Amino acid sequence: MQPHRILIADDDAEILAGAVELLSMSGREVLTAVDGLEALDILRAGDVHLALLDLHMPRQTGLDIFQYVRAKTITTPCLFWSGEATDSTAQWLLDEGAAGFLRKPVKPEELRACVTKTLEKNWGIAG
């Protein structure tokens, strides 16, 4: 079975590296983007099982990416994380179909559990 492919988009290099290390330990393939346009390019190429998106990034925000995904009916579930989002923004994302919202700083076990749950819900057994 091919491993699940996860896109992590975040403009903070330290957070990005930590998330890659944590999520790739489970045998998942992790793709990275340091801004929103890179993330959109990866999503347009397809075959991504989950997108973990920072809400605030240069060139395109996580919200911009989410709106694109919804408009193009791309089936990739989107998880968001941010240290700056308001409760109303987080709730709006969830109401509009986001797979989840995590507040930074995120505990490793919380991130791992949320990713695993989302993969299982959308794709079956989380590889």
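On a predicted model such as this, the values are computed, not experimentally measured, just so you know.

Trainee: How would you explain helix H2 (residues 36-45) if you had to name every residue and give the values?
Mentor: Every buried residue of H2 is accounted for by Gly36, Ala39, Leu40, Ile42 and Leu43. Looking down the long axis of H2, one finds its buried residues gathered within 165° of arc, a one-sided arrangement. Positive backbone phi, at 85°, marks Gly46, one or two positions downstream of H2.

Trainee: Quick rundown of the pattern of salt bridges? Include the residues and the values.
Mentor: Counted by the stated rule, this structure contains eight salt bridges. Across the pair Asp87 and Arg103 runs a salt bridge, and its minimum N-O distance is 2.6 Å. Taken together, the residues span a long stretch of sequence, with Asp87 in helix H4 (residues 87-95) and Arg103 in strand E5 (residues 100-103) at a distance of 16 residues. Its relative accessible area of 60% is what places Asp87 among the exposed residues.

Trainee: Account for the pairing of strand E3 (residues 50-54), naming residues and giving values.
Mentor: Of all the five residues making up E3, five are buried; the element is thus mostly covered by neighbouring parts of the structure. The two faces of E3 match: Leu50, Leu52 and Asp54 on one face and Ala51 and Leu53 on the other face are all buried. Examined bridge by bridge, strand E1 (residues 5-9) and E3 share four bridges and lie parallel to one another. Counted as the bridge partner of Ile8 is Leu52 from E3. Where E3 and strand E4 (residues 78-82) come together, four bridges link them in parallel fashion. Residue pairing for E4: Ala51 is matched across the bridge by Cys78.

Cut-offs applied
- Residues numbered from 1 in each chain as written.
- Predicted model: local features only at pLDDT ≥ 70, side-chain atom pairs only at ≥ 80, totals over all residues.
- Heavy atoms only, no water.
- Buried < 20%, exposed > 50% of the residue type's maximum accessible area, 1.4 Å probe, protein only.
- Helix = DSSP H or I, 4+ residues; strand = E, 2+ residues; numbered from the N terminus.
- Arc of directions from axis to C-beta.
- Salt bridge = Lys/Arg side-chain N within 4 Å of Asp/Glu carboxyl O.
- Pairing = 2+ DSSP bridges.

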